[in-house]
Amino acid sequence: MQLSLLDTVEQHPNAANRVKELRLQLEHHNRQYYQRDAPEISDSEYDELFRELTALEDQCPELITQDSPTQRVGGAPVARFRAVAHGVPMLSLENAFNEEEIRAKLDARIKKELGLADSPLLTYMCEPKMDGLAVELVYEQGLLTVASTRGDGVTGEDVTQNIRTIRGLPLRLTGEGVPGLLEIRGEVYLSLDAFQKINQGREENGEPSFANPRNAAAGSLRQLDPRITASRPLSIYCYAPGRVEGATFSSQYEFLNVASRWGLPVNPMVRRVDCVEGAVAYYHEMNGMRESLPYEIDGTVIKVDSFQLQRELGEKSRAPLWAIACKFPPRQAETQLENILLSVGRTGVITPVAQLKPVEISGVTVSRATLHNWDEMAAKDIRIGDTVVVERAGDVIPAVVRVVTERRNGSERAVPPPQSCPECGSAVVRIAGEVAVRCMGISCPSQIRESIKHFASRGAMDIEGLGDKVIEQLLSLGLVRTVADLYRLTKDDFMCFERMGDKLAANLLAALNASKSCDLGRYIFALGIRHVGERTAKSLAQAYGSLANLEKTTVEELTSVRDIGATVAQSIVTFFNNQNNQAVINQLREYGVDPTVVVKTVGGRLSGRNFVFTGTLTRFTRDFARKQVEDLGGNVVGSVSRKTDYVVAGEEAGSKLLKARELGITILGEDEFLNLLEQQ
Ligand code: IVH
């Protein structure tokens, strides 16, 4: 039955009631469809209800509420994700790789710690370990208010808009006893079905496909535009509480049951067992079922069921003692190695890559695998024409594990390391002490391409819109030869680009322009100096304050900077002595690429104070602590001396703590440190 707008209003003069009714119906059908896999109405009937609600809301906008199903994709794109601090840190889990480890690392350890033998009190919850991304959801008075990624466990990113697009997740909790505050953790994932559809679409559009469902889920969750996320049907299963006010639970089992009654999606495959052997059996059972599940799991998680016992056991080194992740063995398949390709990276390293007869390993087609380097290839005696065993473990690039030598027929051919670069023909060298074979050509197209990709990447200049495809077109049209050329581009240059309208071109130019004033650390990282990763680049930025200072430095001076050893120092000096690099840097300067100097907070509350962190920190990460101290004007240094003001000691702190005691330096526990930060 087709409803016109007029019918709707006439039939329901009391629009407010009808709107409420429609919302309840739609949420009910969402649950039936997404959580119970038992739809009661057809897609078109669902769409009909949805359209009716949209029409009513259009007519009476005052009736729109935050939890209306029409508001799942409400938000406008954001420029950046806001940081969100987790109420309770999000921990990770220790791994077990086989049943012996499950018994030893979980059961035996727990019984020892609690001084328990077999006891009816000690039951376990067994859960599939979803291979996705951990998030935290906050429900206030039943309403979903904030959703954030795990981040470093202490602070994550605000992805509320994107999480709201998950149709199986209630925007409002229903049922009895909904608490005032519920923080709940879960895993966002993509079903295999959705993953395949997304990749199909990407291939049709000439976009690179995602390597696995986890990467696709991560890419979708971190979209700045929620409309893109909405087009990627993410799912979620909830599995752990954070802070809760207004409800108590005695066990994980009870918690999951109650959460499910409030409408939250909980994996129906969870099971309570009464001893570790039950958990071992579950692990094997799940490994056997793994290929038939509609989503990826990479193991099981076993948790002590009782929350009281969980509290008694506590945690150590950022992982709880009351739970363990039991990982499945990696999945392997046999196939033919058809060819060995050579790939040239940003720094000229030439890597052998196996071209394989495409083989499916649990839902993902593998046609390439890394062979790492020629030493490994020789050690495994890998030849073209071999039958090989290929392994796909988690999100790592597939690798060739071994050759099935019994299948050889004598026609197989070994490939020696190249004498010259396959891309530019320049001589290759093998530097003493390194396994890598390296192209020395300054204008090698592969190196240029990879260095531009690196320059534009997220941790570097973060130039949105300058993806692989655009870079490849810029290079093939001869518009760009060095990273400096990027800043000369105009709108006209993009005229003949595939799939690049005026709007995209304008956005890209704006992003390039914005990147001119990026942070100095990012800029140093973006230059692609060998051995200089993100962390080192940040240290250099802080120590030198400007690129001009860094350019003039010496090996001796560099080695006095924290974390910088002789090899890195030499590499930096060599980089800046190279005339080509100098020319590019000077051009960048001319185009206004002028990174800001990270000015330390002067006169901050901790100005001039030196901190040393030692031992295992469980309440926060070192990065978090460093940032907090630096934001307040303090310094974090590596070793304890008379100049140290505070030593923050985590668990199992050793010699630094002893030295601090000897020197009479103030020693803080983790909580005391947090208090110090909070003082006004
Ligand atoms: S519990 C302290 N339960 O695995 C408890 N985690 O390796 C922390 N994961 O970061 C998590 N399924 O992203 C838990 N049923 C499950 C899980 C699960 C997947 C992920 C989660 C966590 C990682 C730890």
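In the block above lies the structure referred to throughout.
Predicted model only: the values in this text are computed from it and were never measured.

**Q** How would you explain the sheet that holds strand E23 (residues 646-649) if you had to name every residue and give the values?
**A** If you trace the four strands from one edge of the open sheet to the other, you get E22-E21-E23-E24, paired in parallel fashion. Both outer strands of the open sheet, strand E22 (635-636) and strand E24 (666-668), are each paired with one neighbouring strand and no more. Taken together, the two bridges between strand E21 (residues 610-614) and E22 define a ladder with parallel strand orientation. Residue pairing for E22: Phe611 is matched across the bridge by Val636. Against the sheet, helix H24 (residues 670-678) touches E21, E23 and E24, its axis set at about 100 degrees to E24.

**Q** How would you sum up unusual backbone geometry? Please name residues and give values.
**A** The phi angle at Asp381 is positive, at roughly 50 degrees, despite the residue not being glycine. Relative to the elements of secondary structure, Asp381 occurs in the loop between helix H12 (374-380) and strand E17 (387-392). Even without being a glycine, Asp462 presents a positive backbone phi close to 50 degrees. With respect to the helices and strands, Asp462 occurs in the loop between helix H13 (445-456) and helix H14 (468-476). The exposure class of Asp462 is partly exposed, given its relative accessible area of 22%.

**Q** Hey, could you go over the state of the cysteines for me, with residue numbers and the actual values?
**A** Across all of its chains, the model carries zero disulfides by this definition. With no disulfide of its own, Cys126 lies closest to Cys326 among cysteine sulfurs, the gap being 8.0 Å. The exposure class of Cys126 is buried, given its relative accessible area of 0%. Free of any disulfide, Cys238 has its nearest cysteine sulfur in Cys126, 19 Å distant. On the basis of relative accessibility, which here comes to 4%, the residue Cys238 falls in the buried class.

**Q** How would you sum up the side chain of Asp485? Please name residues and give values.
**A** Within the secondary structure layout, Asp485 lies in the loop between H14 and helix H15 (502-515). Of the residues examined, Asp485 reaches a relative accessible area of 6% and is grouped as buried. For Asp485, the residues in contact, after removing those within four places along its chain, are Leu479, Val480 and Gln587.

**Q** Report on the site of the ligand, specifying residues and quantitative values.
**A** Surrounding the ligand, one finds Leu93, Glu127, Pro128, Lys129, Met130, Ala134, Glu187, Tyr239, Val301, Lys303, Pro320 and Trp322. A distance of 3.3 Å separates an oxygen atom of the ligand from a polar atom in the side chain of Tyr239. One nitrogen or oxygen atom from the side chain of Lys303 is found 3.0 Å from a nitrogen atom belonging to the ligand. Out of a free accessible area of 520 Å², the ligand has 87% covered by protein chains. Secondary structure elements with two or more residues in the shell around the ligand: strand E3 (124-130) and strand E10 (297-304). For the shell around the ligand, a count of residues per class yields eight nonpolar, no polar and four charged.

**Q** An account of the pairing of E23 is requested, with residue identities and associated values reported.
**A** The side-chain alternation of E23 yields two buried faces, one formed by Tyr646 and Val648 and the other by Val647 and Ala649. Bridge analysis of E21 against E23 gives four bridges, and the strand direction is parallel. Bridged to Phe613 within E23 is Val648. In this structure, E23 lies alongside E24, joined through three bridges in parallel fashion. If you follow Val647 over to E24, its bridge partner there is Ile667. Considered for its hand, the β-α-β crossover made up of E23, helix H23 (residues 655-663) and E24 is right-handed.

**Q** So, the nonpolar core: which residues are in play, and what are the values?
**A** Generally speaking, soluble globular proteins have nonpolar side chains that are buried together. Membership of the largest hydrophobic core comes to 52 residues, with the highest contact counts inside it found for Phe455, Ile463, Leu486, Tyr523, Ile524 and Leu588. Elements with a contribution of two residues or more to this core: H13, H14, H15, helix H16 (520-526), helix H17 (534-544), helix H18 (547-551), helix H20 (566-577) and helix H21 (579-590). Broken down by element, the residue count for this core peaks at six residues, all from H20. When sequence neighbours within four positions are dropped, the list of residues in contact with Leu486 reads Ile452, Phe455, Leu466, Leu474, Val480 and Leu512. With 39 residues, the next largest nonpolar core counts Met125, Leu169, Leu171 and Ala217 among its residues.

**Q** Any chance you could break down helix H3 (residues 43-59) for me, citing the residues and the numbers?
**A** An ideal rise of 1.5 Å per residue puts 24 Å on 17 residues; H3 measures up with 24 Å between its terminal C-alpha atoms. For H3, the full list of buried residues reads Tyr46, Glu48, Leu49, Glu52, Leu53, Ala55, Leu56 and Glu57.

**Q** Quick one: what's the story with the environment of Thr621, residue by residue and with numbers?
**A** Position of Thr621 relative to the elements: it lies in the loop between E21 and helix H22 (622-631). Classification of Thr621 as buried rests on a relative accessible area of 13%. Along the chain, Thr621 and Glu534 lie 87 residues apart, while their C-alpha atoms are 17 Å from each other. Setting aside chain neighbours within four positions, we find Thr621 in contact with Asp152, Val154 and Arg318.

**Q** Can you lay out the packing of H20 against H21 for me, pointing to particular residues and giving the numbers?
**A** Two elements in contact, H20 and H21, have axes whose closest approach is 5 Å; the angle formed by their N-to-C orientations is 70 degrees. Compared by their axis directions, H20 and H21 come out roughly perpendicular. Across the interface between the two elements, Phe575, Phe576 and Asn577 of H20 pack against Gln579, Asn581, Gln582 and Ile585 of H21. A per-class count over the contact of H20 with H21 returns three nonpolar, four polar and no charged.

**Q** Residue-level account of the packing of aromatic side chains, with values.
**A** What the rule picks out here adds up to 15 aromatic pairs. Aromatic pair Phe611 and Tyr646: ring centres 4.9 Å apart, planes at 25 degrees, arrangement stacked. You can see Phe611 sitting in strand E21 and its partner Tyr646 sitting in strand E23, a full 35 residues away along the chain. With a relative accessible area of 0%, Phe611 lands in the buried category.

**Q** Go over the packing of H13 against H14 with me, naming the residues and quoting the values.
**A** For the pair H13 and H14, interaxial distance at closest approach is 10 Å and the crossing angle is 135 degrees. One way to sum up the angle between H13 and H14 is to call them oblique. Once H13 is placed against H14, the crossing between them reads as right-handed. When H13 is examined against H14, the residues Ile448, Arg449, Ile452 and Lys453 are found in contact with a partner set consisting of Asp468, Ile471, Glu472 and Leu475.

What counts and what doesn't
- Residues numbered from 1 in each chain as written.
- Predicted model: local features only at pLDDT ≥ 70, side-chain atom pairs only at ≥ 80, totals over all residues.
- Heavy atoms only, no water.
- Pairing = 2+ DSSP bridges.
- Helix = DSSP H or I, 4+ residues; strand = E, 2+ residues; numbered from the N terminus.
- Contact = heavy atoms within 4.5 Å.
- Axes fitted to C-alpha atoms, helices over the stretch in contact; angles between N-to-C directions.
- Buried < 20%, exposed > 50% of the residue type's maximum accessible area, 1.4 Å probe, protein only.
- Disulfide = S-S within 2.5 Å.
- Near = heavy atom within 4 Å.
- Polar contact = N/O pair within 3.5 Å; in protein donor to acceptor, adjacent residues only side chain to side chain.
- Areas by Shrake-Rupley, 256 points an atom, 1.4 Å probe, with all protein chains shown as cover.
- Nonpolar A, V, L, I, M, F, W, Y, C, P; charged D, E, K, R; others polar.
- Right-handed = clockwise from strand over helix to strand, strands pointing away.
- Core = buried A, V, L, I, M, F, W, Y, C linked by side-chain atoms within 4.5 Å.
- Expected span 1.5 Å × (residues − 1).
- Parallel < 35°, antiparallel > 145°, perpendicular 65-115°, else oblique.
- Phe/Tyr/Trp six-rings, centres within 6.5 Å; stacked < 30°, edge-to-face > 60°.
- Left-handed = near helix turned anticlockwise from the far one by under 90°.

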